[in-house]
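The chain contents come next:
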Amino acid sequence: MKSRLKSIFISTFFLIVSFAISAQARLTIENNSMRQMTVKVMKSSSGKSKLHELVTITAYGSETVYFTETGYYFTKSKAVLNGKDPVYKKGKSFKVINGSEGYSVFRLVFTITESAVPTSTGQSISKNEFDQN
């Protein structure tokens, strides 16, 4: 009986934890290019920003970033391909909600079309700006 009660408790615990993880604000970033991407998700606060999370995404891969706090965030990205200049971009600010009122679920898709000069949308930034946390 004790063993069965312990088993039920452990199962219930893992069920609650798995629900908590799935019911959390998140951003899925998809890399729709041949380039490897490094993406910094930055949190904005009082005119300053700080690094929330850094992810590396393989060509045509994706990664998910989770948020525990409501706030404003933006991305800075670096896309690299051997033999080509890196492409640095800064994304627009977005509001994440994670609390009793609900939670945000976002999806960003990065696409770079290779040509003599790679084309993509978004605000271009310098390597120095990308490197700043």
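Look a little higher up for the structure.
For every chain, the first residue of the written sequence is number 1, and numbering continues from 1 along that sequence. Given that this is a predicted model, residues contribute local features only at a pLDDT of at least 70 and side-chain atom pairs are listed and counted only at 80 or more, while totals for whole chains, interfaces and linings are drawn from all residues. Excluding hydrogens and water, the side-chain figures rest on all heavy atoms present in the structure.

Caption draft 1: Broad picture of the packing of aromatic side chains. Aromatic pairing here means that ring centres of Phe, Tyr or Trp (its six-membered ring) are within 6.5 Å. Orientation follows from the plane angle: under 30 degrees is stacked, over 60 is edge-to-face, and everything else is tilted. In total, this model carries 4 aromatic pairs according to the counting rule given. The interplanar angle of 65 degrees and the centroid separation of 4.7 Å between the aromatic rings of F67 and Y73 together place this pair among those described as edge-to-face. Joined through ring pairs, the aromatic side chains of F67, Y73, F94 and F106 make up one cluster. Remark: a charge is flagged as sitting over a ring if the NZ atom of Lys or the CZ atom of Arg is within 6 Å of the ring centre and within 35 degrees of the ring normal. Over the ring of F130 we find K40, and its NZ or CZ is 4.8 Å from the ring centre. The lysine or arginine in question, K90, covers the ring of F74, its NZ or CZ lying 5.0 Å from the ring centre.

Caption draft 2: Expanded view of unusual backbone geometry. Not every positive phi belongs to a glycine, and S46 is a case in point at roughly 50 degrees. Here the term buried applies to any residue with accessible area under 20% of the maximum for its type, exposed to any over 50%, and partly exposed to those in between, with areas from a 1.4 Å probe on protein chains only. The class for S46 is exposed, based on a relative accessible area of 75%. Even without being a glycine, Y60 presents a positive backbone phi close to 60 degrees. Each helix corresponds to a stretch of at least 4 residues labelled H or I by DSSP, and each strand to a stretch of at least 2 residues labelled E; elements are numbered beginning at the N terminus. As for its placement among the helices and strands, Y60 is situated in the loop between β3 (48-57) and β4 (62-67).

Caption draft 3: Examining the pattern of salt bridges more closely. Salt bridges, as used here, are contacts in which a Lys or Arg side-chain nitrogen is within 4 Å of a carboxyl oxygen on Asp or Glu. Applying the stated criterion across every chain yields a total of 5 salt bridges. Where R35 meets E114, a salt bridge forms, and the shortest distance between an N and an O atom there is 2.6 Å. Remark: E114 occurs in the loop between β10 (105-110) and β11 (123-124) and R35 occurs in the loop between β1 (25-31) and β2 (36-45); sequence separation between them is 79 residues. For R35, a relative accessible area of 0% corresponds to the buried category.

Caption draft 4: Looking closely at the pairing of strand β6 (residues 87-90). Judged from the 4 bridges that link them, strand β5 (residues 71-80) and β6 form a sheet pairing that is antiparallel. Among the inter-strand pairings, A79 is bridged to a residue of β6, identified as V87. Strands qualify as paired when DSSP identifies two bridges or more between them. Here β5 hands over to β6 after 6 residues, with G83 in that stretch at a positive phi of 85 degrees.

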